[in-house]
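Topology and contacts: notes
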Amino acid sequence: MQGRADKGLILTTGSFTADARQEARRDGAPAIDLIDGERLCELLKDNQLGVRVEDVKTEKGAVLPDFFAAI
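Scope of this entry: the structure provided in the associated data block. (Residues numbered from 1 in each chain as written. Predicted model: local features only at pLDDT ≥ 70, side-chain atom pairs only at ≥ 80, totals over all residues. Heavy atoms only, no water.)

Let us look at the environment of Gly-28. With respect to the element layout, Gly-28 can be found in the loop between α1 (18–24) and β2 (31–35). Gly-28 sits 26 residues away from Gln-2 along the chain, and the two C-alpha atoms are 14 Å apart. (Helix = DSSP H or I, 4+ residues; strand = E, 2+ residues; numbered from the N terminus.)

Summed over the entire model, instances satisfying the criterion amount to 4 salt bridges. Note that Lys-7 is salt-bridged to Asp-33, the shortest N-O span being 3.4 Å. In this pair, Lys-7 sits in strand β1 (residues 7–11) while Asp-33 sits in strand β2, placing the two residues 26 residues apart along the sequence. When its relative accessible area of 49% is taken as the criterion, Lys-7 is described as partly exposed. Judged by relative accessible area, which is 33%, Asp-33 ranks as partly exposed. Of the charged contacts in the structure, one is a salt bridge between Arg-26 and Glu-23, with a shortest N-O distance of 2.9 Å. The exposure class of Glu-23 is partly exposed, given its relative accessible area of 42%. (Salt bridge = Lys/Arg side-chain N within 4 Å of Asp/Glu carboxyl O. Buried < 20%, exposed > 50% of the residue type's maximum accessible area, 1.4 Å probe, protein only.)

This next bit is on the pairing of β2. Direction of pairing for β1 relative to β2: parallel, over a ladder of 5 bridges. Paired with Leu-9 across the bridge in β2 is Asp-33. In the classification by handedness, the crossover that spans β1, the intervening α1 and the parallel β2 is right-handed. (Pairing = 2+ DSSP bridges. Right-handed = clockwise from strand over helix to strand, strands pointing away.)

Before going further, it helps to spend a moment on a nonpolar patch on the surface. Together, Val-63, Leu-64, Phe-67, Phe-68 and Ile-71 make up an exposed nonpolar region whose accessible area comes to about 630 Å². Turning to its location among the elements, Leu-64 is positioned in the loop between α2 (37–46) and α3 (65–69). For Leu-64, a relative accessible area of 56% puts it in the exposed group. (Patch = residues over 30% accessible without salt bridge, like charges linked within 9 Å, V, L, I, M, F, W, Y side chains within 5 Å. Areas by Shrake-Rupley, 256 points an atom, 1.4 Å probe, with all protein chains shown as cover.)

A separate point is unusual backbone geometry. Apart from glycine, the bulk of residues carry a negative phi angle, and the bulk of peptide bonds sit in the trans form. Phi at Gln-48 is positive, roughly 50°, even though this residue is not glycine. Mapped onto the elements, Gln-48 comes out in the loop between α2 and α3.

All right, on to the packing of aromatic side chains then. Taken as a whole and assessed by the stated rule, the structure comprises 1 aromatic pair. Taken together, a centroid distance of 5.1 Å and an interplanar angle of 90° make the contact between Phe-67 and Phe-68 edge-to-face. (Phe/Tyr/Trp six-rings, centres within 6.5 Å; stacked < 30°, edge-to-face > 60°.)

Functional significance is not addressed by these values, which are geometric in nature.
Okay, here's the thing in structure tokens:
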């Protein structure tokens, strides 16, 4: 990173390796924020950027063996 920037920002839809996270925090290196896919989704949702959140009701069914054994 060169120029007049105070901080760098790297986005990925995946995840960062432990080495990448360590390098981003290394003493003496320019500050770099890493935003992985999970955090990116949270930020988009929290700031309502291109994302609509809907509550969805789900049901779980279970088979009752005793009921079918009587048939």
